[in-house]
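Geometric and topological summary
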Amino acid sequence: MAASKCNVTRLTEALSRQLLDSVDSVLFDCDGVIWRGDQAIPGASEVINSLKKNGKRVFFVTNNSTKTRQMYADKLGKLGFDASADEVFGTAYCSAVYLKNVCKLDGKVYLIGSNAMRQELEDVGIRPVGVGPDPISGGQKDWANVPLDNEVRAVLVGFDEHFSYMKLNRALQYLCNPDCQFVGTNTDTRLPLEGGKAVPGTGCLLKAVETAAQRQAQVVGKPSSFMFECVASQFGLDPERCLMVGDRLDTDIMLGSNCGLKTLLTLTGVSTVAEAEANQKSECPQRQKMVPDYYIESIADILPALQA
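Only a predicted model underlies this, so the values are computations on that prediction, with no experimental measurement involved.

Core analysis: the biggest nonpolar cluster contains 35 residues, and L99 and F228 have the highest contact counts within it. At seven residues, the largest contribution of residues to this core is made by helix α4 (residues 91-102). Discounting residues that sit within four places of it in the chain, F228 has contacts with L27, L237, P239, C242, L255, C259 and L261. Membership of the second largest hydrophobic core comes to 30 residues, among which are L11, L20, Y294 and I299.

As structure tokens, then:
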């Protein structure tokens with residue numbers, strides 16, 4: 001008879017010390033892990049700063065595409081974290097790197113996204129078009145023959161508060177050209193807010209463009225291994241000596257599983273231990289990738305092990 005599967009392991013102080021001794025680098029998701037909205041998780045800055053004092057390298061890996069690396073570094077600094085822009089890997093930056101280094105883009109990009117994404121693209125020498133509102137006019141024949149920039153060689157979809165029918169249409173017209181590359185920042189469908197509220201995430205916009213274009217985007221953000229490769233290639237990281245800390249099983253923990261990292265789920269954000277245990281009991285290989293090595297109530301609970 002098969003042995004029954006054990007529960008997900010809670011990280012005790014003793015296990016924390018063992019885990020930290022086994023890694024050189026720690027990658028943190030941001031929202032729901034080190035902060036919620038504009039408030040730091042109590043004790044989070046002390047954990048990050050103590051990790052660095054103990055010789056660990058720390059990186060911040062987020063699917064949020066609405067901020068540049070510098071904007072993130074500024075926010076981290078204001079909340080008491082010792083952090084610099086080159087330690088931040090958001091999808092605005094990583095998608096620019098992807099288009100430049102992987103796609104070898106030679107031309108402009110039609111951007112459904114934010115000013116932060118525009119800035120990161122420009123910083124690597126890529127010219128974006130399309131940021132801001134795109135009001136509709138005329139009828140269906142006009143829409144099907146909307147003027148296009150003939151230098152556009154890729155469509156990039158991130159979070160865009162000005163997303164509209166005309167932007168969806170324009171993306172479709174560009175993507176009718178099979179040589180036009182198609183990249184998305186991430187597939188998160190909902191952005192959770194305080195009090196159980198939520199708003200639609202980038203995944204909703206990306207799915208609309210994929211449906212219209214009848215094409216699948218190359219997705220840069222977690223759980224795509226490219227997010228880790230982006231960090232690893234710049235800093236020479238050994239996956240076996242890295243820990244991924246996150247609050248979402250389907251992005252953070254799956255990224256860790258996809259890349260061979262140790263994984264730690266924190267319960268200050270989206271996912272629960274019950275969900276992790278349900279994944280563990282599942283026969284589905286994809287769900288098995290959404291089981292963390294350890295879980296902890298809050299990353300602040302690591303502090304005693306760091307101070308011991």
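Here the narrative resumes, following the displayed structure.
In the contact formed by helix α7 (residues 165-175) and helix α8 (residues 202-213), the axes pass within 9 Å of each other and the chain directions differ by 45 degrees. Comparing the axis directions of α7 and α8 gives the class oblique. The hand of the α7/α8 crossing is right-handed. The segment α7 lies against α8, with L168, A171, L172 and L175 engaging A208, V209, A212 and A213. The residue makeup of the contact of α7 with α8, split by class, is eight nonpolar, no polar and no charged.

If you walk across this open sheet you meet the five strands as β8-β7-β9-β10-β13, and the pairing is parallel. Pairing within the sheet leaves two strands with one partner each, and these edge strands are β8 (128-129) and β13 (218-219). Taken together, the five bridges between strand β7 (residues 108-112) and strand β9 (residues 152-157) define a ladder with parallel strand orientation. Paired with K108 across the bridge in β9 is V152.

In this section: helix α11 (residues 273-281). All of the buried residues in α11 are V273, A276, E277, N279 and Q280. Axial view of α11: buried residues confined to an arc of 155 degrees, hence all on one face. Residues A274 and K281 are exposed on α11 and point more than 90 degrees away from its buried face.

Below, the discussion takes up the UniProt feature "binding site: Mg(2+)" (unreviewed entry) in the protein. In the numbering adopted here, UniProt assigns the feature "binding site: Mg(2+)" (unreviewed entry) to D29, D31 and D247. A stretch of 219 residues holds the annotated residues, and the largest C-alpha distance among them is 8.3 Å, short enough that they meet in one place. Locating D29 in the fold gives a position in the loop between β2 (25-28) and β3 (35-36). Under the relative-accessibility criterion, D29 is labelled buried at 7%. Residues within four places of D29 in sequence aside, it is in contact with I34, V61, T62, K222, M244, V245, G246, D247 and D252. Within the local environment of D29, its side chain forms a polar contact with the side chain of K222, the two groups lying 2.9 Å apart. With respect to the helices and strands, the residue D31 is situated in the loop between β2 and β3. On the basis of relative accessible area, D31 is assigned to the partly exposed category, the value being 41%.

Calculation rules
- Residues numbered from 1 in each chain as written.
- Predicted model: local features only at pLDDT ≥ 70, side-chain atom pairs only at ≥ 80, totals over all residues.
- Heavy atoms only, no water.
- Core = buried A, V, L, I, M, F, W, Y, C linked by side-chain atoms within 4.5 Å.
- Buried < 20%, exposed > 50% of the residue type's maximum accessible area, 1.4 Å probe, protein only.
- Helix = DSSP H or I, 4+ residues; strand = E, 2+ residues; numbered from the N terminus.
- Contact = heavy atoms within 4.5 Å.
- Axes fitted to C-alpha atoms, helices over the stretch in contact; angles between N-to-C directions.
- Parallel < 35°, antiparallel > 145°, perpendicular 65-115°, else oblique.
- Left-handed = near helix turned anticlockwise from the far one by under 90°.
- Nonpolar A, V, L, I, M, F, W, Y, C, P; charged D, E, K, R; others polar.
- Pairing = 2+ DSSP bridges.
- Arc of directions from axis to C-beta.
- UniProt positions renumbered as here; feature names shortened; annotations may be inferred.
- Polar contact = N/O pair within 3.5 Å; in protein donor to acceptor, adjacent residues only side chain to side chain.

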